[in-house]
Amino acid sequence: MAPFDPPNTVLSGIKERPEALLLQGDRLYVGTATGSLFIYDYNRLSESSGPTLVDTKKALSRRPIDQLGYIKDIDSLVVLSESTVTLYPLPSFAPPTPLAKGALSFAVHSSGHNAVTSDAQGGADSAGGAGPIPTIVTQLVIGCRRKVVIHSWKDGEVQKITESVLAHSPRAVVFIDSDTICFAYSATEYCVFSISERTTLDVITPIPATTSMGAFSGLTGYMTLGLGAKAKPGLVRLSNTEAIIVKDNQGFVIGTDGKQTKPATIDWPSPPDEVAFVSPYIFSILPPGTVPIPENGGTSTSSGSALAAPQSSLIPSPVVQIISSLTMQPVQTLPFPPTPLVSPAATCTIRLLTSSPTAKAPLFLVVTPNDRTVAAAEGSSIWQFQMKSWGDQIDELVQRGLYSDALSLIDTLDTDLLPDKDQRRTHVRALRAVSQFRLGKFDAAIDSFLELDLNPAKVLALYPERVSGRLSVPADDWIPLFGGPASQSLTPKNDDTMSTVDNATKEKPLERSGSPAASVLTPVRRGTAMVGALLSSSKDKDDDTASLSGKKKVKPIDDFSRSVDALWRYLTDRRPKLAGALAAVQIAPAQSHQWPFLSETSTEDLFALPNIPLAQLTPEQLVRFAQIVDTALFKSYLITQPALLGALCRLPNWCEVSEVEEELRAREKFAELIYLYNGKKMHAKALALLRQLSEKETDMEDKLSASISYLQKLGSEYINQVFESSRWIFEQDRDMAFQIFTSVDVELPRTQVTDYLNKIDPALSARYIEYLIAEKEEESPVFHDRLAELYLNMTLSARKGGDEAKQSEVYLKLLRFIDTTDHYLPDRLYGLLPENLYEARAVLLGRMGRHDHALELYVYKLRDYVKAEEHCKRTYNPNTVTRSIFLTLLKLYLRPTDKTAPNLLQPALDLISRHSPRLDTIETLQLLPPLVTACDVRSFLQEALRAPIFDSHVVRDIHKARNEQVARKLMLLETRRVRVTDSRICPQCHKRLGTSVIAVHAPRGEVTHYQCRDAFARALNDPTR
């Protein structure tokens, strides 16, 4: 990845060599070797016009200006020249204020603090409870000979100057945080200094595992010939807690405690001449002849090559190498000047000059020809590095499959710099998870999928067709599916292109390229005993790089099982959360049959579902997710854990039946398939399968019981399905089939069931109505009339068919039914009866109140005198019109209306003897024929004569007793009285009663004032009195 565009020239033809540079606002300050200061008007956003010279401070110093800085609190320029740090107020530059002599370097740092006021320190009793006040503190640390001088300003006010003695003279100074400074005593000696504690701590770095450049000091001296007698210390600040130090050809990241914070180090081919930092990249200048020429022959490469290179293939000019502070690996290499790499004229001196100590400041590069004549004629030039947009950098990393680097870069950026940071981070994390999945790191991939709330259809697309069905996608299409570049593929590259010079070690993938130091050290090491040890120290690859590496991975045998295990974890996490989200919108799995099936939605629509939290999905999207998850869970169970299928099928679920039914049939998982059909309300398929399975059974109960049990649980909305599927069961066994309609689980429409059973057999319909009346307490006249009509039709059918036994049985049922129930319409049924069913007609006439006609049928047609008498007993009521029912029967006996009737005197006498109290005496005597003797009706006459006398005596005695009782009570009340005289005293207040309202107390008759009654009553009831 090349994060920077090729640098462009900002200023050229500068006769005085620039030594220091500062960009502050729209002003660019350039300090030169002659002590002059040039001030330019600089607009970094303008590409058409360069900086414009606005002022020149000639001879600001007699010596070169070594360093420039700016203090915002006092709006002053800090200048280091002639070993003296001087403050120049802007914009007048007068008067100058010398701060320290013998200075070697300085650093400026500003930070915010919360200052506590004196009122707030005084206690909680201060008005309003004053709190801390934000304060800006600026510190200027000057490294002098064997000491450090610290100047500080608080909100622009000068504070006390402090000094501390050091063991050596700091040649470079950087702030790590507001209290910790890092000093560079030399190119190999560093320490950290605590401002508050005034203590120093030496920085100790581990000994490199590989051979140091010190072992090739002769080679180093040859390569650095003419570049300077003494190496400059490399020290730059990386963040608010870290800095990087340079020792020989290695860079170490240290923290405030002086220890390494990252195990990884930077390996340069040779010690860098200078280093600088523009977040998140580290710039370094490498001397000529130390960096190999890129294989593509270009002037820029994304990383230093790890291949061994002969001396003739090294870049002969100085090189600017850009290293990512996130991965500690080179990302771009730029030779200077930007001319063809083989040009012998490329001789110049390069310096990196940061415009300010902040990590996000622009970076400038000063190029000065080594030849004095050329330098005098052309002068020096200042180049500026323009970083590509953050979005372009991230896109390039993603394009090359470097997802970890892309994530690290995204995490270092603020939303101000990358507005779509969250969206990009989610996108890159998803792509990295796909790469991890490809490598067999299923758990890590699934963890990312869960955290990102990814569309489950895309997750399942990574699995083979037997798990994901039509959602399965070839491995080469995984990255485009997750929004990655379409040209990128996860297919491993050809190993032949990765062979090294000695054909023994494979080159690392592009994301983790080898150290450039290897290219320089290889010619020296080749032929020695150290070749194997030095060339085998390659670093491990990260997840997404390995997916692009040349070496094919040999998958373990159980990779599929492990991937399914990870899928279970994903699905079991999604399933309850989806259920909760659906419940929040009142959608339950039991309603799955009401939603369109998953098979009706195209894979493109499923993959297009959003990757957002479940709470933000629409109900339709939630249902689609639930269908995808449950179907995948079902398939994974079917493949690896078939025993768990039953529990999943029995519970309400969103599984797509069409995706699994064929597999269940093939595995003969019929019970699970029936459960699944039932849950999806696909009852026709379930019943058809049960009928198909019943053909294998020989026992009738085993053959029919499963279908009957299933039908018993179907509700009224499936009544047509019940009728259709129960027909074949009735053909097998009517008694067992009848159980379908006597279920206690559901209630079917009674009228429709009755009609259906009547079509099969009227006896079944009658049986069903009998069940309703007896068990369900049905009282509707509709069903009672229908049952009576069924009995009647069955009776007539049996008579017509000559089946006397059945006729007698059904006719008795009819008589018992119409005689015992009151919930039918007798007049309607009476109109249906034929003439010869006399007893039924008699019962119905009695129900209609036509008792005389009913008795005529009993007496004259049936000649059943007992039933006639029983009919009278049932209907007799002395307070209604039926009080003369026995007299009516007696008239039919003694005054027959049928001329063919026999002599009925004896039944009449029997009736008189048994029911004389219910017969009118006079009318009965008038009905008796003259030839009936008094002896025949003796008991009747005795009863008639005795009844009135008995009644009169009883009434008389009752009246007499009542009168006596009233007289005694009156006499008792008249004996109770009290006398109140003028001298009678109230026993409660002991005052005379006089004419006051009084109260008399039971049982002894004490008399008190009315207002004293309560107190006296309490005193009477007091047991201690």
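Note: the structure precedes this text.
Residues numbered from 1 in each chain as written. Predicted model: local features only at pLDDT ≥ 70, side-chain atom pairs only at ≥ 80, totals over all residues. Heavy atoms only, no water.

Student: Just checking my understanding: could you explain the sheet that holds strand E16 (residues 180–184) for this structure?
Tutor: Within a sheet, each strand pairs with its neighbour through backbone hydrogen bonds, oriented either parallel or antiparallel. With respect to topology, four strands assemble into an open sheet ordered E15-E16-E17-E18, the strand pairing being antiparallel. Each edge of the sheet is formed by a strand with only one pairing partner; in this case those strands are strand E15 (172–175) and strand E18 (199–202). In this sheet, neighbouring strand axes are inclined to one another by 25° on average, regardless of whether the strands run parallel or antiparallel. Alignment of E16 against strand E17 (residues 190–194), held across five bridges, turns out to be antiparallel. Within E17, the position partnered with Cys182 by the bridge is Val192. (Pairing = 2+ DSSP bridges. Helix = DSSP H or I, 4+ residues; strand = E, 2+ residues; numbered from the N terminus. Axes fitted to C-alpha atoms, helices over the stretch in contact; angles between N-to-C directions.)

Student: Sorry, what's going on with the pattern of salt bridges here?
Tutor: Where charged atoms of side chains with opposite charge meet at close range, the side chains can pair. All chains considered together, the criterion is met by 42 salt bridges. Put simply, Glu747 and Arg750 hold a salt bridge, and the shortest N to O gap is 2.8 Å. The exposure class of Glu747 is partly exposed, given its relative accessible area of 39%. Here Glu835 ties to Arg841 by a salt bridge, and the two come within 3.7 Å at their closest N and O atoms. Since its relative accessible area comes to 57%, Glu835 is described here as exposed. Residue classification places Arg841 among the buried positions, given a relative accessible area of 10%. (Salt bridge = Lys/Arg side-chain N within 4 Å of Asp/Glu carboxyl O. Buried < 20%, exposed > 50% of the residue type's maximum accessible area, 1.4 Å probe, protein only.)

Student: Just to check I follow, could you spell out the side chain of Ser284 for this structure?
Tutor: With respect to the secondary-structure elements, Ser284 resides in strand E24 (residues 281–286). Here the side chain of Ser284 touches Trp268 through a polar contact of 2.9 Å, side chain to side chain. Ignoring sequence-local partners within four residues, the contact set of Ser284 consists of Trp268, Pro272, Glu274, Val275, Val319, Val320, Gln321 and Leu352. (Polar contact = N/O pair within 3.5 Å; in protein donor to acceptor, adjacent residues only side chain to side chain. Contact = heavy atoms within 4.5 Å.)

Student: Is there a simple way to think about the sheet that holds strand E2 (residues 18–24) in this case?
Tutor: Reading across from one edge, E2-E3-E4-E5 is the order of the four strands in this open sheet, with antiparallel pairing throughout. For this open sheet the edge positions go to E2 and strand E5 (52–57), each flanked by a neighbour on one side alone. Going from strand to strand, the sheet's axes swing by 20° on average, the running direction of each strand aside. Across six bridges, the pairing between E2 and strand E3 (residues 27–32) is antiparallel. For Leu22, the partnering residue across the bridge sits in E3 and is Tyr29.

Student: How should the packing of aromatic side chains be read in this particular structure?
Tutor: Aromatic ring pairs are reported here in terms of the distance separating the ring centres and the angle at which the planes meet. Taken as a whole and assessed by the stated rule, the structure comprises 22 aromatic pairs. On the basis of an interplanar angle of 10° and a centroid distance of 4.4 Å, the ring pair of Phe723 and Tyr756 is categorised as stacked. Separated by 33 residues along the polypeptide, Phe723 in helix H22 (residues 719–732) and Tyr756 in helix H24 (residues 750–760) bring together distant segments of the chain. An identical accessibility class is assigned to Phe723 and Tyr756; each is buried. Members of the aromatic cluster, connected to one another through ring pairs, are Phe4, Tyr281, Phe283 and Phe385. For the cation-ring pair, Arg466 lies above Phe560, with the distance from its terminal atom to the ring centre recorded as 4.0 Å. (Phe/Tyr/Trp six-rings, centres within 6.5 Å; stacked < 30°, edge-to-face > 60°. Lys NZ or Arg CZ within 6 Å of the ring centre and 35° of its normal.)

Student: In this structure, what is going on with the packing of helix H21 (residues 700–712) against H22? I would like to understand it.
Tutor: How two helices pack is summed up by the angle between their axes together with the distance between the axes. It is the contact of H21 with H22, at a shortest axis distance of 11 Å, that shows an interaxial angle of 160°. Classed by the angle they form, the pair H21 and H22 counts as roughly antiparallel. Once H21 is placed against H22, the crossing between them reads as left-handed. Residues Met700, Lys703, Leu704, Ser707, Ile708 and Leu711 of H21 pack against Val722, Ser725, Ser726, Trp728, Ile729 and Gln732 of H22. (Parallel < 35°, antiparallel > 145°, perpendicular 65-115°, else oblique. Left-handed = near helix turned anticlockwise from the far one by under 90°.)

Student: It is not clear to me how the environment of Ile350 should be interpreted in this structure. Could you clarify?
Tutor: In this fold, Ile350 is placed in strand E27 (residues 348–354). In the structure, Ile350 is positioned 30 residues away from Val320 in sequence and 8.9 Å away in space, judged by C-alpha atoms. Excluding residues that lie within four positions of it along the chain, Ile350 makes contacts with Glu274, Ile285, Pro318, Phe336, Leu365, Val366 and Val367.

Student: How should helix H32 (residues 885–894) be read in this particular structure?
Tutor: Note that an α-helix has 3.6 residues per turn; residues three or four places apart therefore point the same way. The element H32 is extensively covered by neighbouring structure, given that eight of its ten residues are classed as buried. When we look at burial in H32, the residues that qualify are Ile885, Phe886, Leu887, Leu889, Leu890, Leu892, Tyr893 and Leu894. Looking at the buried side of H32, the elements it contacts are helix H30 (851–862), helix H31 (865–875), helix H33 (905–914) and helix H34 (921–927).

Student: What exactly am I supposed to notice about the packing of helix H16 (residues 619–640) against helix H18 (residues 657–666) here?
Tutor: Viewed as axis vectors pointing N to C, H16 and H18 meet at an angle of 15°, and their least axial separation amounts to 10 Å. As judged from the angle between their axes, H16 and H18 are roughly parallel. In the crossing of H16 with H18, the sense of the turn from one axis to the other is left-handed. When H16 is examined against H18, the residues Thr631, Phe634, Lys635 and Leu638 are found in contact with a partner set consisting of Glu659, Val660, Glu663 and Leu664. By residue class, the composition of the contact of H16 with H18 is four nonpolar, one polar and three charged. (Nonpolar A, V, L, I, M, F, W, Y, C, P; charged D, E, K, R; others polar.)

Student: What exactly am I supposed to notice about unusual backbone geometry here?
Tutor: Only a minority of non-glycine residues have a phi that is not negative, and only a minority of peptide bonds are not trans. Going from Ala94 to Pro95, the amide bond is cis rather than trans, its omega being -5°. Mapping Pro95 onto the fold places it in the loop between strand E8 (84–89) and strand E9 (97–101). Following Ser279, the chain continues into Pro280 via a peptide bond in cis, with omega recorded as 0°. For Pro280, the location among the structural elements is in the loop between strand E23 (274–278) and E24.

Student: Would you mind going over the nonpolar core with me for this structure?
Tutor: Considering soluble globular proteins, one finds that nonpolar side chains tend to be buried as a cluster. In terms of nonpolar packing, the biggest core is built from 180 residues, with Phe283, Phe449, Phe741 and Ile818 touching the most fellow members. When residues in this core are grouped by element, the largest group, eleven residues, is from H16. Leaving out residues up to four positions away in the same chain, Phe741 has contacts with Val722, Phe723, Ser726, Phe730, Leu748, Val753, Tyr756, Leu757, Tyr768 and Tyr771. Counting 29 residues, the second-largest nonpolar core is a separate cluster that includes Ile254, Phe277, Val319 and Met328. (Core = buried A, V, L, I, M, F, W, Y, C linked by side-chain atoms within 4.5 Å.)

Student: Just checking my understanding: could you explain a nonpolar patch on the surface for this structure?
Tutor: A surface patch of nonpolar side chains, about 210 Å² in accessible area, is lined by Val978, Val980 and Val1000. For Val980, the location among the structural elements is in the loop between helix H35 (938–974) and strand E30 (998–1001). For Val980, a relative accessible area of 35% corresponds to the partly exposed category. (Patch = residues over 30% accessible without salt bridge, like charges linked within 9 Å, V, L, I, M, F, W, Y side chains within 5 Å. Areas by Shrake-Rupley, 256 points an atom, 1.4 Å probe, with all protein chains shown as cover.)

Student: What is the right way to look at the environment of Leu23 in this model?
Tutor: Residue placement: Leu23 occurs in strand E2. Distance in space between the C-alpha atoms of Leu23 and Tyr42 is 8.3 Å, their sequence separation being 19 residues.

Student: Even after reading the chapter, I still don't get H31, so can you show me in this structure?
Tutor: Restricting attention to buried positions, one finds in H31 the residues Ala868, Glu869, His871, Cys872 and Thr875. One side of H31 holds all its buried residues, which, seen down the axis, span an arc of 155°. Contacts from the buried residues of H31 go to helix H29 (838–847), H30, H32 and H33. (Arc of directions from axis to C-beta.)

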